[in-house]
Amino acid sequence: MLDHCSISHKGGVVLWSHSFTPEASQITSSSASPVNSLIREALIEGRTAEEKYEKDGYSVKWTFVNELELIFVVAYQRILQLAYVEDLLTAMKALFVKLFEPFLATFVASLHAMNNGKLASSPGQDTTTFWNFARAFDGWDKVFEKLLKGFEDKAALERKSRFKHLTHVEQINTSPPPDDSTLPSESHEVPQDEQQIARNVQALKDRLRGRGGRRGGRGPLRAESGSGRDSTPTSDNESTKRKTKSKTQRKWGNEVPSESDMASLDFSVDKPNSGANGHLSHDLQSLVDEASLGSRTKDGMYEVKDWDFGQKVDHTDHAIARALRPDVTKQSMGSLGSLGSLFARLTGSKVLTEEDLKPVLEGMKQHLMKKNVAKEIADKVCEGVGESLIGKKVGGFQTTSNAVRMALSSSLTRILTPKTSTDLLLSIRTKLSSPLPSSQQRVPYSIVFVGVNGVGKSTNLSKVCFWLIQNGLRVLIAACDTFRSGAVEQLRVHVRNLSMLGVNGVTNSKGRVELYEKGYGKDAAGIAKEAIAYAKDNDFDVVLVDTAGRMQDNEPLMRALAKLVAVNHPDKIIFVGEALVGNEAVDQLTKFDRALRDFSGASAGKSRGIDGMLVTKWDTVDDKVGAALSMTYVTGQPIIFVGCGQTYTDLRQLRVSNVVQAILSD
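Throughout what follows, the structure given in this document is the object of discussion. Since this is a predicted model, take the numbers as computed values, not measurements. Note on numbering: residues in each chain are counted from 1, in written sequence order. Given that the model is predicted, a residue must reach a pLDDT of at least 70 before its local features are reported, and side-chain atom pairs must reach 80 or more before they are shown or counted; all residues, however, enter totals for whole chains, interfaces and linings. Heavy atoms from the whole structure form the basis of all side-chain values; hydrogens and water molecules are not counted.

What about the overall build of the chain?
As a reminder, the rule being used: Under the scheme used here, helices are H or I runs from DSSP no shorter than 4 residues and strands are E runs no shorter than 2 residues, and both carry numbers assigned from the N terminus. Exposure categories follow from relative accessible area, calculated using a 1.4 Å probe and restricted to protein chains: below 20% of the type maximum is buried, above 50% is exposed, and the middle band is partly exposed. Note on definitions: a residue-residue contact is assigned when non-hydrogen atoms from the two residues lie within 4.5 Å.
Secondary structure assignment for the chain yields 25 helices and 18 strands. Within the chain, the fraction of its 666 residues that count as buried is 41%. Taking all contacts inside the chain whose residues are at least 6 apart in sequence as the whole, residues at least 24 apart take part in 72%.

Structure follows, in structure tokens:
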């Protein structure tokens, strides 16, 4: 049980303190406080190499953050043997600086400015009133309580395990001696009948059989292993029961399956005899996650949620869990994080040169690559940051930190900021509402989804379809993947599910979405053309074209994809890629975009490239979102959506500031 914890500046300003008992609170507020004695007798006198300081029955331990001139102090009763105090101090230091680094750096810089007379302050004004520490460190109390509870629970478990071990040793020591050492005079004190002796012998046999049976022992032990309960033959009824529990064997034949056999195995179509208890009785809640539903604007438009990287609670819990690991708490954790330690090298008032920035930029490149940014892109980003900093005059830690961070943040923001509109719904409504001659029929808005194999094109196409249905649009899905087995059936199931979900996610929306398919082995470009014509004749608003996955190096398949684009002139070509890829993202996007432009331009005279990206499996990468930076840098096109789950509502929009925040985070 601790008595007192505090965080203060070396100049004497107490940033935060917490006493666990009224008596401790009274003592620490007096001049006889063990913390004050520590400062007077140990810190001021320079005796900081000692492991701990003892005063008036208290033990005091401390640690420093020299970069920010902070002191972390913990006081507890000397009689208590608390082994976790050092780990607690290390974790406190890392978490506190990680959560409040910007404020702390600004605070230290202002103190230096006040001492140098560069920052004017009112006469007699206290620093604690000038800085509102309660508001600046809001939430730290809960974080500290959770961290302390984690260490106390861990220590309690260790004590409990040690106590069990000692109890077990005592029981072994107090157990009766073996048979060969038992005195004959003691045998009559504990009489044993024949049944007890027989049970002991049987137990010994079972124990020996359990030891040697697996190793294939021979001799008497193996001969006796057939005796006892294990060797009792089973009755006919038991054998019959075992036979009935066996798996029913599938019936295989050499004859070609009939249409009825194939129909019985096709679960993607509605069966006439499927009632309320049939396989079509779906649970709507499994198709739509209420927590992931978007919001309605004042105009009634349905908007998907933004992906938020600023969930402070989640990051705090992750940091606490990481701090509780023994391999992390025992090592020296950088108080300013990886980027902060790099920035701290550039201190002092001077003009930055290329030699000064070289180690910092190398560390920055490694940081970006850890965030899943492709190496080629990381090199170019760091090169741009270096060019913007060479020749710039910096002074003091805060100025240097801001200069480097702002340069990197500006570079990332400039790359990620879309050059074209990402409002897909606005583009659709603009085309549908544009005036046409009376003799001309309105053409639906068409979107083609392309990408490599297995990235989730069909699944995320259905999510986009759900978003369009929620905005009152009629959607036709064209099954142009005529190669992969089950591709048409997969889309058929998605259309059936989406037909069950209405505009508000509960009412029937049958008629708002249909599937146009012609089976397998057909020309994808021809099917897409027929689908657009069908949508034009039946008043569909949007056509979503699903294509087969293909590798970027397969020239025949890339020519076929370019033919589909050249023949049908889609309004949008969306590349679907994974968030898990690193350097591969550059290769995929570069070759897809180049092949589409080269081959579609050769056949139609007007080249078309990638118009936007949809990044899937976004929920699997945490803050390693470098694939977004790589993809945007290669094409210059925006990321329209990201997929982050298995339901139709698991679609998100990206904000540039959130992506930059995730990339810069340690």
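Right, picking up where we left off after that structure.
Overview of a nonpolar patch on the surface
Which entries qualify depends on this criterion: Residues form patches when they are more than 30% accessible in relative terms and have no salt bridge. Like charges link within 9 Å. Nonpolar side chains (Val, Leu, Ile, Met, Phe, Trp, Tyr) link within 5 Å. Accessible surface is estimated by sampling points in the Shrake-Rupley manner with a 1.4 Å probe; for residues, cover comes only from the protein chains shown. Salt bridge, as applied in this entry: a Lys or Arg side-chain nitrogen positioned within 4 Å of an Asp or Glu carboxyl oxygen.
A cluster of nonpolar side chains, namely M1, I79 and L80, defines an oily patch on the protein surface of about 320 Å² accessible area. Structurally, L80 is set in the loop between β5 (70-77) and α3 (85-115).

Digging into the sheet that holds strand β2 (residues 14-19)
The strands that make up a sheet pair up through hydrogen bonds in the backbone, lying either parallel or antiparallel. Definition in use: We call two strands paired when DSSP finds no fewer than two bridges between them. Throughout, an axis means a line fitted to C-alpha atoms (over the contacting stretch in the case of helices), and angles, computed between N-to-C directions, take values from 0 to 180 degrees.
Spatially, the five strands line up as an open sheet ordered β2-β1-β5-β4-β3, and their pairing is antiparallel. Where the open sheet ends on each side, the last strands, each with one partner, are β2 and β3 (53-55). The mean inter-strand angle of the sheet, taken between neighbouring strand axes irrespective of direction, is 15 degrees. Two strands pair when backbone bridges link them, and β3 and strand β4 (residues 58-65) are joined in this way by three bridges, in the antiparallel orientation. Bridged to Y53 within β4 is V60.

Points about the packing of aromatic side chains
Where we set the bar: Between the rings of Phe, Tyr and Trp (Trp by its six-membered ring), a pair exists once the centres lie within 6.5 Å; its type follows the angle of the planes, with under 30 degrees stacked, over 60 edge-to-face, and the other angles tilted.
Throughout the structure, instances matching the rule amount to 22 aromatic pairs. Considering the side-chain rings of Y302 and F466, the 6.4 Å spacing of their centres and the 90 degrees angle between planes classify their relative orientation as edge-to-face. In this pair, Y302 sits in strand β7 (residues 302-303) while F466 sits in helix α19 (residues 457-470), placing the two residues 164 residues apart along the sequence. Among the aromatic residues, ring-to-ring pairing joins W16, F20, F72, F96, F100, F103, F107, F133, F137, W140 and F144 into one connected group.

Focus on unusual backbone geometry
Most peptide bonds adopt trans geometry, and most residues besides glycine take a negative phi value. At N372, a residue that is not glycine, the phi angle is positive and equals roughly 80 degrees. Residue placement: N372 occurs in the loop between α15 (354-370) and α16 (375-389). Despite not being glycine, H569 has its phi angle at roughly 50 degrees, a positive value. Tracing the backbone shows H569 in the loop between α22 (555-568) and β15 (572-578). For H569, a relative accessible area of 55% gives the class exposed.

Some points on the packing of helix α21 (residues 524-537) against α22
Applied cut-off: When describing relative orientation, an angle under 35 degrees is termed roughly parallel and one over 145 degrees roughly antiparallel, while 65 to 115 degrees is termed roughly perpendicular and anything else oblique. Less than a right angle of anticlockwise turn of the near helix away from the far helix marks a crossing as left-handed, whereas a clockwise turn marks it as right-handed. Under the grouping applied here, Gly and all other residues not named as nonpolar or charged are polar, the nonpolar ones being Ala, Val, Leu, Ile, Met, Phe, Trp, Tyr, Cys and Pro and the charged ones Asp, Glu, Lys and Arg.
For the pair α21 and α22, interaxial distance at closest approach is 8 Å and the crossing angle is 30 degrees. The angle between α21 and α22 falls in the class roughly parallel. Pair α21 / α22 crosses with right-handed handedness. Listed contacts from α22 to A524, A525, A528, K529 and I532 of α21 are K563, L564, V567 and N568. Here the contact of α21 with α22 is composed, by residue class, of six nonpolar, one polar and two charged.

Looking at the environment of E54
Applied cut-off: We define a polar contact as two N or O atoms separated by no more than 3.5 Å, with the added condition that, inside protein, one atom must be a possible hydrogen donor and the other a possible acceptor, whereas residues neighbouring each other in sequence contribute only through side-chain atom pairs.
Along the polypeptide, E54 turns up in strand β3. For the pair formed by E54 and Y76, sequence separation is 22 residues and the distance between their alpha carbons is 9.7 Å. Apart from residues no more than four positions distant in its own chain, E54 is found in contact with S59 and R78. At a separation of 3.4 Å, a polar atom in the side chain of E54 contacts the side chain of R78.

Quick notes on the environment of T635
Within the secondary structure, T635 is located in helix α24 (residues 626-635). Placed 42 residues apart in sequence, T635 and D593 show a C-alpha to C-alpha distance of 7.7 Å. Discounting residues that sit within four places of it in the chain, T635 has contacts with L589 and M613. At 3.2 Å, the side chain of T635 forms a polar contact with the backbone oxygen of M631. Side-chain polar atoms of T635 contact the backbone nitrogen of Q637, separated by 3.1 Å.

Let's talk about the side chain of Q588
Mapped onto the elements, Q588 comes out in helix α23 (residues 583-604). Ignoring sequence-local partners within four residues, the contact set of Q588 consists of V452, Q552, F575 and V581.

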